[in-house]
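Chain and residue survey
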Amino acid sequence: MMAGGIARNNTGIAGFGRIGRLFFGVLPVFFCLLFIGADVKKAEAAGAAISITTKNPAPTVGDEVYVVITVKSSELIKGFEGYFSYDNRVLQFVTGGSVIHGNDDEFQIDDTKRTVSATKITYSVKFLARGKGSTSITLKKGVEVTADNEDSSKMSISYSPLNIVVNKKEASNTPKPNRTEAPRETEVPEATDSPSPSEPPVSSSPKPTPGKNDIAGSNKLRKLSIGDGVLLAPDFSPKIKNYSAIATTDDTKLPVAYEAEDSQAEVRVKGNKKLTEGKNTIKIAVTGTNGKKRVYNISVTIQRITGSNSKNSANRLAVLEKGGKTYLTGSTTVQLLEPGKGTIPSGFAEIEIELDGKNITAYALEGSKDSSFVLVYGKGSKKQLYLYDKKENILMPYEKVKSWYRSMDGKAVFELTAQEKTVQSMKYVVGIMAAFCGLMALFAVAALLRPRR
């Protein structure tokens, strides 16, 4: 009896030992997989949804159309940059606030220097229904939504375009319906960037509500710009009335953006239609509520683009020297700067190239100084490298085209961004941990299958 009990106890202990070995063999594998899962989850960037909406998807020619762009995420958003395209035969860009810049076929939101992060950011863009037809406001490639985390990681993006159908204005003696009101952005007010209220008043509509920063009775402008990146000389000042500028474009009209010191003032733009090659004069007349008038004069030299297609024409360059500084000007303007240490990728050497009859410093691949592509460093919307195509005379942000550049020229080199380096390092760590966990699993199975003496 006692011997049988001892035997049963030994069998139970042996069974418990197998279960224990199995438990302690699988436990490390479980923790390894848990660790890998945590690291992979940490490496994944959050997602952001971009919506493009309007309260008036079927306006009539001549109507004002307000389009609201909302960027939303479950995590805090530190910055947003994106380009949007549309048919300029149907819609005309008017204004969009301090971080939105547009020309006659696309506009850019450059909100990368935000001081306050938010999970929801809204932007309001004002258009004029120009002609009968339909168009889609579409997000172009190169969009970036930056998360407010240690790595400033780029979020994955989802969005759908907005379709707008503009109807022909019907001849009628009945009064025209009221135009759509600018949308009120009540949620997350610190994240809203609305158009300037200082648009020309219309007799059939009430004047805008006075702003908190208004200077009552003023007939001066607080801000003034023409085109996207076209420089005014001298720099704009409310007290200075006369300016000069150079614009390289095939358009017959330039987008004029302004903000009056008094939103109740009347602002009218003259001379901005049917611009011709050579010198033109654009006048911005501001009439204060007291009847006093001030006129700002801009002498614009238009440089037409010949022998180029419309897709590349917006970025064709000229060289402008002003105040001891050198600028590359087109639809965007870049101030050339001296790059700091480590700014130029390895494999590039300094050279001089001729552009618009002037010598500028550029950087070409070592051993191929006659390459059609070189790098220049400067400040546009931000300080960065630009890839200059000498044949097409166009400038492109290097970060956005470096992968294409590398695939085009096998000798081309480029540096990984901080985020790309982090993701690449994480992949190595995950691979090593996966191999380690696999070895531990093999050892655990081998221990379980080893015969007991």
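Everything quoted here is computed from the prediction, not taken from an experiment.

**Observations regarding a nonpolar patch on the surface**
- On the surface, Leu439, Leu442 and Phe443 cluster together into a nonpolar patch covering about 360 Å² of accessible area.
- Here Leu439 lies in helix α4 (residues 418-449).

**A few points about the packing of aromatic side chains**
- The tally for this structure, following the rule as stated, stands at 9 aromatic pairs.
- Note on Phe80 and Tyr123: the rings are 5.9 Å apart at their centroids and 35° apart in plane angle, and the pair reads as tilted. Of the two residues, Phe80 sits in strand β2 (residues 64-85) while Tyr123 sits in strand β6 (residues 118-129), which places them 43 residues apart along the sequence. Like Phe80, the residue Tyr123 is buried in the burial classification.
- Their ring planes at 75° and their centres at 5.2 Å tell us that Tyr86 and Phe127 sit as a pair that is edge-to-face. With a gap of 41 residues between them, Tyr86 in the loop between β2 and β3 (91-95) and Phe127 in strand β6 connect regions that are remote in the sequence. Across the pair, exposure class does not vary: Tyr86 and Phe127 are buried alike.
- Among the aromatic residues, those joined into a cluster by ring pairs are Phe84, Tyr86, Phe93, Phe107 and Phe127.

**Some details on a positive patch on the surface**
- A surface patch of like charges, here positive, comprises Lys113, Lys325, Lys379 and Lys383.
- Mapped onto the elements, Lys379 comes out in strand β23 (residues 373-379).
- Note on Lys379: relative accessible area 37%, which makes it partly exposed.

What counts and how
Residues numbered from 1 in each chain as written. Predicted model: local features only at pLDDT ≥ 70, side-chain atom pairs only at ≥ 80, totals over all residues. Heavy atoms only, no water. Patch = residues over 30% accessible without salt bridge, like charges linked within 9 Å, V, L, I, M, F, W, Y side chains within 5 Å. Areas by Shrake-Rupley, 256 points an atom, 1.4 Å probe, with all protein chains shown as cover. Salt bridge = Lys/Arg side-chain N within 4 Å of Asp/Glu carboxyl O. Helix = DSSP H or I, 4+ residues; strand = E, 2+ residues; numbered from the N terminus. Phe/Tyr/Trp six-rings, centres within 6.5 Å; stacked < 30°, edge-to-face > 60°. Buried < 20%, exposed > 50% of the residue type's maximum accessible area, 1.4 Å probe, protein only. Lys, Arg positive; Asp, Glu negative; His and termini not counted. Charge placed at Lys NZ, Arg CZ, Asp CG, Glu CD.

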